[in-house]
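Chains, contacts and geometry: an overview
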Amino acid sequence: MSTGATLRMLDRADKEVMKLTRADIGAVYEFMHKFRHNPENPGLNLKSLNGDSRLMSARVNRDHRALLLHIADRDYLLVAVKHRSEVYEDLSRYAYRINQVTGGIEVVDLTPVGDSIIGRVVPPDAEPMPAPKPLFDTYTDAQLLELGIAEPLLPQIRELTTEGELLALLDRAPQLTTDVLFALFDGTPYDEVLQQVTEPVRADEPVDPEDFEAAVARPATQVTSDDEALQAIIGETFERWQIFLHPTQRKLVEKKYNGPARVGGGPGTGKTIVALHRVAYLARRLPPGTDKPILLTTFNRNLAADLRTRLLALGGQDLVARVDIVNIDRLASRVVAEAKAGGSRRVVDDNRVPELWSDFLLETGESGWDAEFLAAEWTQVILGQVLNSRAEYFKARRPNRGRSLTRVERDQVWQLTERFTTWLEARGVWTWRQIAQRAARLEMDRMAAATSASGDSSSVGLHRPRYRHVVVDEAQDLSAAHWKMLRGMVVPGPDDMFLTGDTHQRIYDNHVTLSSLGINIRGRSSRLTLSYRTTRQILADALQIMTGEVYDDLDGGEEDLAGYRSLLRGGRPVFRGAATWAQERDLIAGHLRSWGNPTDGSVAVCVPTRELAADVISRLEADGLPAVEIGPDGPKQPDGIHVGTMHRFKGLEYQRMIIAAVGDGLVPRQMVNRYRETDPKRYQRERQRDRSLLFVAATRPRDELAVFWHGTPSPFLTSRLVQRQLP
């Protein structure tokens, strides 16, 4: 009696299936269902191709055949869906092998890339042209194979002479071959390609070129075998990120870590996708239960809501039921409320802290200290580091604070902060930073109690840490107090904390060294370098904006965007200046008209301030265009032309985008200059924050970007960008 079979789908087969008609897509799904139930079903007509013991074909419907790789026993891999004539007319065009670098299965269609490969036609009377130089003739076969390109494609790679030919070949090449050749074509040095592209996907163990069972389980073999996921793909309810991960991403998702791990990378590299898949990976390995032993958190409440929606799409309600998804401030507030530690005080936004300090100093007659300095010292050092006594403050390090303080001055600051805290309490208010500090102390005490009660079975349940795993997205935005709270929520050990983020996108004034907070990521940091969001042209100009800045890696070291790249192509971004803000608004309106004034929510206009956003909205409405403001919870409605400040665009994506008013005094803010002489470190930090905001905005669009300014352009726009203005 026949039994069922395992049938997985290779990611490239999925791409082919999606190009079919809806009826044929349904036929593919029906075929897969039947094949899993009984591969010997006579109607499927399963047979070896050309006598090959591993490559097989099966009937999908009258016109299409499935190309299958026989992995072992009753285990098969769907590698392609072709018209029946393609499958039988030239079987030698297909090659399959196990990549010796990644250990993944590669199936290659060896069809020549048009006339460029099989010979070029030259008119008899034409002057002989010099032979074009092959694109990759400076690299030996051994070097290319060491980088991981598919060996069967070597002869064709040697013949490539134009970008068009390269694109045609890579349209059907394996993932690593595509990544490597694009990086080399862009001029990335060989050693950097080896380090940044190849090494992250290299197999952890020696590769047996005949062991297809081991190969199909490796991250480099991008497959899915879940029937519900396949049905969702065919029903067009899933995006590809929900099923297929790049091998680099999958390797990070499924790795076992001995402690906290961090994944970095530029915008659009899939850090959030990795975080979501990591949560799903951990959740599927939980023992049965109804508790929520996994925390998924981020700074922004809008992003937290988006994480919930995406995790629900990825794993379903049963998986989401085991995960606590909450933004970090709400989590801290919950901890404090549970302990009844906050009373009935009203929460005021942290942006109002300098204003509150000014009121306090004016009311108390204290004139020897600057309100902004005290506000920053209180929030970043005293609250940020969860300092509970004057003695602790005297010993505390004050990184990135600029001005040093004597012991006498620290004593004065401590006394002022104690009085200020009492002053706030008398008014029935406190800040999110205070809540985070209180929550951190409560969780640190809880962890200490759990540790001391570990041998007491009667009390251990009362003090058990809240979570088994903590996953943090946009890690660069959290404060030291947030990290201390999280450290107290999970027992240090294997797979305890998984962090994703990019310090180049830090738009809040939170600078931390994780190791000093009990979170040691040394040796467990990885970086994603392939952008899926935006074109190579937009990416290149966005990287120009970051010229000259040095960013930290959340652990005392430096981090750069070396190797950050995209495989998408498009037009060059537009850079234009105007004499006045009124003329610049005309530029905005004109550029939107050149795009056809799309009002489907695919286009956005970004500016530095709310006042400028209001001006843009008024102009668009005067032109009869629906303008939608982006608020703290995202766009107020999905359609229209979205308009907002740079802060509001964190986590959003658009097809086209205009960044306006990128002028000196607006980007960076004029007020930053006051620190140039009095507090050089703060001056540098504030400028860096504004540069990061511009970088975040510039990496939101997928296809087209325009950057405008009036007056003097921002110093963040290099002369190379400014000189590119259209006439």
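Because the structure is a prediction, the values reported are computed rather than measured. (Residues numbered from 1 in each chain as written. Predicted model: local features only at pLDDT ≥ 70, side-chain atom pairs only at ≥ 80, totals over all residues. Heavy atoms only, no water.)

**Thoughts on the sheet that holds strand β11 (residues 323-325)**
Judged by pairing direction, the sheet is parallel, and its six strands sit side by side in the order β11-β10-β14-β15-β9-β16 without closing on themselves. The strands lining the two open edges of the sheet, one partner per strand, are β11 and β16 (525-528). Neighbour-to-neighbour, the strand axes of this sheet turn through a mean angle of 15°, independent of strand direction. Relative to β11, strand β10 (residues 294-297) runs parallel, the two being bridged by three bridges. Across the sheet, residue Leu296 finds its bridge partner in β11, namely Ile325. Sitting on the sheet, helix α14 (residues 301-320) is in contact with β10 and β11, with an inclination near 165° to β11. (Pairing = 2+ DSSP bridges. Helix = DSSP H or I, 4+ residues; strand = E, 2+ residues; numbered from the N terminus. Axes fitted to C-alpha atoms, helices over the stretch in contact; angles between N-to-C directions. Contact = heavy atoms within 4.5 Å.)

**Here's the deal with the side chain of Asp502**
Along the chain, Asp502 turns up in the loop between β15 (497-500) and β16. Buried Asp502, no salt bridge; nearest opposite-charge side chain is Lys271, N-O distance 5.0 Å. Filtering out sequence-adjacent residues up to four positions away, Asp502 remains in contact with Arg262, Gly265, Gly266, Pro267, Lys271, Gln476, Glu559 and Phe695. (Buried < 20%, exposed > 50% of the residue type's maximum accessible area, 1.4 Å probe, protein only. Lys, Arg positive; Asp, Glu negative; His and termini not counted. Salt bridge = Lys/Arg side-chain N within 4 Å of Asp/Glu carboxyl O.)

**Some remarks on the sheet that holds strand β3 (residues 55-59)**
Strand pairing in a sheet is mediated by backbone hydrogen bonds. Such pairs are either parallel or antiparallel. With respect to topology, six strands assemble into an open sheet ordered β2-β3-β4-β5-β1-β8, the strand pairing being mixed. The outermost strands of the open sheet, each flanked by one partner alone, are β2 (47-48) and β8 (223-224). Here helix α1 (residues 11-18) sits on the sheet and contacts β1 (6-10) and β5 (75-83); the angle it forms with β1, its principal contact strand, is near 75°. The sheet contacts of helix α2 (residues 22-37) involve β1, β3, β4 (64-72) and β5, and relative to β1 the element is tilted by about 145°.

**Describing the pattern of salt bridges**
Summed over the entire model, instances satisfying the criterion amount to 43 salt bridges. Between Asp623 and Arg619 there is a salt bridge, and its shortest N-O distance comes to 3.2 Å. Three or more residues are tied together by salt bridges with common partners; here these are Glu372, Arg669, Arg674, Arg682, Glu686, Arg689 and Asp690.

**A word on the confidence of the model for the protein**
On average, the protein scores 86 in pLDDT, and the residues at 70 or more come to 91%. Note on residues 456-460: pLDDT under 50 across the span, and two contacts to partners over four residues away in sequence or across chains. (pLDDT = per-residue confidence, 0-100.)

**A closer look at the packing of helix α7 (residues 163-170) against helix α8 (residues 175-185)**
Interhelical geometry of α7 versus α8 gives an angle of 165° and a closest axis separation of 10 Å. Judged on the interaxial angle alone, α8 and α7 are roughly antiparallel. Seen along the crossing, α7 lies across α8 with a hand that is left-handed. Contact with α7, carried on its side by Glu163, Leu166, Leu167 and Leu170, involves Thr177, Thr178, Leu181, Phe182 and Phe185 of α8 and no other residues of that element. A class-by-class count of the residues in the contact of α7 with α8 yields six nonpolar, two polar and one charged. (Parallel < 35°, antiparallel > 145°, perpendicular 65-115°, else oblique. Left-handed = near helix turned anticlockwise from the far one by under 90°. Nonpolar A, V, L, I, M, F, W, Y, C, P; charged D, E, K, R; others polar.)

**As for unusual backbone geometry**
With an omega dihedral of 5°, the bond running from Val667 to Pro668 counts as a cis peptide bond. One can find Pro668 in the loop between β26 (654-659) and α25 (675-678). The phi dihedral of Asp495 is positive, around 55°, even though this residue is not glycine. Structurally, the position occupied by Asp495 is in the loop between α21 (480-487) and β15. Residue class for Asp495 comes out buried when judged on its relative accessible area of 13%. One non-glycine residue with positive phi stands out, namely Asn597, at about 50°. Mapped onto the secondary structure, Asn597 falls in the loop between α23 (581-594) and β22 (600-607). Taking the relative accessible area as the measure of exposure, Asn597 reaches 23% and is therefore partly exposed.

**Focus on the environment of Gly264**
By the element assignment, Gly264 lies in strand β9 (residues 261-265). In the structure, Gly264 is positioned 42 residues away from Asp306 in sequence and 20 Å away in space, judged by C-alpha atoms. Every residue in contact with Gly264, bar those within four places of it in the chain, is listed here: Lys271, Gly501, Ser526, Arg527 and Leu528.

**Details of the pairing of β1**
Within β1, four of the five residues are buried, leaving the element largely enclosed by the surrounding structure. Where β1 meets β5, four bridges bridge the pair, whose relative direction is parallel. Within the sheet, the bridge partner assigned to Met9 lies in β5 and is Leu78.

**Some words on the pairing of β4**
Most of β4 sits out of view: eight of its nine residues are buried. Where β3 and β4 come together, five bridges link them in antiparallel fashion. Residue pairing for β4: Leu55 is matched across the bridge by Leu69. As consecutive antiparallel partners, β3 and β4 are separated by four residues. Strand direction decides the pairing type here: β4 and β5, joined by eight bridges, are antiparallel. Each bridged residue has a counterpart across the sheet, and for Arg65 the counterpart in β5 is Lys82.

**With respect to the packing of aromatic side chains**
A full pass over the atoms with the stated rule returns 15 aromatic pairs. Judged by centre distance (5.6 Å) and plane angle (90°), the rings of Trp357 and Phe360 are edge-to-face. You can see Trp357 and its partner Phe360 sitting in helix α16 (residues 353-364), three residues apart, about one turn around the helix. We classify Trp357 as buried; its relative accessible area is 0%. Consider the rings of Trp357 and Trp378, whose centres lie 6.3 Å apart with planes at 70°: the pair is edge-to-face. Residue Trp357 is found in helix α16, and its partner Trp378 is found in helix α17 (residues 371-383); the two are separated by 21 residues along the sequence. Relative accessible area serves as the criterion here: at 1%, Trp378 is assigned to the buried category. Through successive ring pairs, a cluster of aromatic residues spans Trp357, Phe360, Trp378, Phe420 and Trp423. Here Arg345 stacks its cationic end above the ring of Trp430, 4.2 Å away from the centre of that ring. (Phe/Tyr/Trp six-rings, centres within 6.5 Å; stacked < 30°, edge-to-face > 60°. Lys NZ or Arg CZ within 6 Å of the ring centre and 35° of its normal.)

**With respect to the packing of helix α22 (residues 536-545) against helix α26 (residues 680-698)**
The interhelical angle for the contact between α22 and α26, taken along N-to-C directions, is 175°, at an axis separation of 9 Å. Looking at the two axes, α22 sits roughly antiparallel to α26. On the side of α22, the interface is formed by Ile538, Ala542, Leu543 and Ile545, while α26 contributes Arg691, Leu694, Phe695 and Ala698.

**Some remarks on helix α15 (residues 328-338)**
Residues of α15 that are buried: Ile328, Asp329, Leu331, Ala332, Val335 and Val336. Within α15, the buried residues cover an arc of 160° as seen down the axis, which keeps them to one side. Facing away from the buried side of α15 by more than 90 degrees, the exposed set consists of Arg330 and Ala337. Of the residues trailing α15, Lys340 is marked for its positive phi of about 55°. (Arc of directions from axis to C-beta.)

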